[in-house]
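A structural walkthrough
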Amino acid sequence: MSSVTVRVPAKVNVQLSVGPLREDGYHDLVNVFHAVSIFDEVVAKEAESITVTVNGRWSDQVPLDDDNLAIRAARALAKHAGRSYGADLIIQKAIPVAGGMAGGSADAAGALVACNELWGLGLPFEDLMEIAGDLGSDVPFSLLGGTAVGTGRGEQLSELPTGGTFHWVFALADGGLSTAKVYAECDRQREVSGARVSWPELSAPLIEALGTGDAYALGAHLSNDLQAAALALRPELAATLDSGRQHGALGAIVSGSGPTCAFLAIDATHARDLADSLTATGAATTTVAAHGPVTGATLL
Ligand SMILES: C[C@@](CO)(OP(=O)(O)O)[C@H](O)COP(=O)(O)OP(=O)(O)OC[C@H]1O[C@@H](n2ccc(N)nc2=O)[C@H](O)[C@@H]1O
Ligand SMILES: Nc1ncnc2c1ncn2[C@@H]1O[C@H](COP(=O)(O)OP(=O)(O)O)[C@@H](O)[C@H]1O
């Protein structure tokens, strides 16, 4: 095999409940991930060493050195296999960078699946999931896709059944937000408020809404504990969320650590109309309509 292509989706968090700060610097979460139809593509080609090239709209914001998550993933896989392998990784980026949609995690998951195939390792999915969890809290979900609840740092996953397709609009922001800074702002706000931070619990009405495919109920139960922190760091997002609600979104929420805003629509037509309204009114410069759930990292 001289070249392998893998497609990997973005995610939105339909519930993100953040527990107290742990001693290791992470937070225990109840993180309900939902994979949506915005995809990065990772091509892996036979080569002497591991290199990366990034193409597409967001490519100039992606590191090409050892910080690149796809490179780190390929190296971790080679180490797990106990041999020195090479691969040229070519990423076609559609997922916004540092946008709260797990684009870097998607590329890491894509590189794991692509290199497992290119190098003929035949490692089982469970091994890839274990390597993924060491690379980042969101990487296991990028492998799995669908809709799933993540506990621990977000890396311990259980799949959740969904009763249909949900239609979304994403308002992409210019410039990303650092995930670590958003968590730190959340901690700061909690310290100032002095309120006790409760242990995160899975929302029963949210699970019910996902299971029945009821977009109205899902829209009413979207929640994100990082939203206030993201809005503090990027105040203009509040107007974007408001505008989506005014244009009939069933729910409007910051995606993960932001700054992408996610709007739940009634159906595909409503999603297209909502996307047009957000750009026509200047509430967003770039919008993307997408649907979920979709599968995780998939060999093409
Ligand atoms: C917030 C979420 C929601 O899904 O993703 P994004 O919206 O940024 O994509 C995740 O929790 C991000 O996951 P990921 O981007 O993989 O984060 P990691 O690389 O594991 O960690 C980056 C930093 O985020 C903070 N972090 C991450 C996960 C967690 N459970 N608690 C944390 O406090 C830590 O400060 C950590 O150093
Ligand atoms: N392949 C990659 N694609 C995007 N970002 C990457 C990649 N590898 C490393 N990064 C770094 O990870 C950071 C977070 O990116 P990303 O995963 O897109 O955001 P988020 O954590 O908000 O979902 C970026 O600012 C970038 O410096």
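Scroll up a little and you will see the structure.
Residues numbered from 1 in each chain as written. Chains lettered and ligands numbered in written order. Predicted model: local features only at pLDDT ≥ 70, side-chain atom pairs only at ≥ 80, totals over all residues. Heavy atoms only, no water.

Every second residue of strand S3 (residues 50–55) is oriented toward a common face, the buried set being Ile 50, Val 52 and Val 54 and the non-buried set Thr 51, Thr 53 and Asn 55. Examined bridge by bridge, S3 and strand S4 (residues 87–92) share six bridges and lie parallel to one another. In the sheet register, Val 52 faces S4, and the bridge partner there is Leu 89. In this fold, S3 hands off to helix H1 (residues 69–81), which returns the chain to S4; that crossover is left-handed. (Buried < 20%, exposed > 50% of the residue type's maximum accessible area, 1.4 Å probe, protein only. Helix = DSSP H or I, 4+ residues; strand = E, 2+ residues; numbered from the N terminus. Pairing = 2+ DSSP bridges. Right-handed = clockwise from strand over helix to strand, strands pointing away.)

Turning next to unusual backbone geometry. With an omega dihedral of 5°, the bond running from Gly 258 to Pro 259 counts as a cis peptide bond. Note that Pro 259 resides in the loop between strand S9 (251–254) and strand S10 (261–265). Put simply, Gly 292 and Pro 293 share a cis peptide bond, and its omega is 5°. Of note, Pro 293 is situated in the loop between strand S11 (286–292) and strand S12 (298–299). Residues other than glycine seldom take positive phi values, yet Ala 102 does so here, at roughly 65°. Note that Ala 102 resides in the loop between S4 and helix H2 (103–118).

Let us now look at the site of ligand 2. In the neighbourhood of ligand 2, 19 residues make up the surrounding shell, with Ala 98, Gly 100, Ala 102, Gly 104 and Asp 107 lying closest. Ala 98 places a polar main-chain atom, nitrogen or oxygen, 2.9 Å from an oxygen atom of ligand 2. One of the backbone N or O atoms of Met 101 is found 3.4 Å from an oxygen atom in ligand 2. Compared with its free state, where it exposes 540 Å², ligand 2 has 79% of that area covered by protein. Ranked by residues supplied to the shell around ligand 2, first place goes to H2 with four residues. (Near = heavy atom within 4 Å. Polar contact = N/O pair within 3.5 Å; in protein donor to acceptor, adjacent residues only side chain to side chain. Areas by Shrake-Rupley, 256 points an atom, 1.4 Å probe, with all protein chains shown as cover.)

With respect to spatial proximity, 21 residues lie near ligand 1, and among them His 27, Ser 137, Thr 179, Tyr 183 and Ser 257 are the closest. At a separation of 2.6 Å, an oxygen atom of ligand 1 approaches a polar side-chain atom of Ser 137. Coverage of ligand 1 by the protein amounts to 83% of the 700 Å² it exposes when considered alone. Of all elements in the fold, only strand S1 (3–21), strand S2 (27–46) and helix H5 (179–193) reach the threshold of two or more residues within the shell around ligand 1. Here the element with the most residues in the shell around ligand 1 is S2; it accounts for four residues. The two domains that each donate at least three residues to the shell around ligand 1 are domain 1 (3–160) and domain 2 (166–292). (Domains from an automatic or database assignment.)

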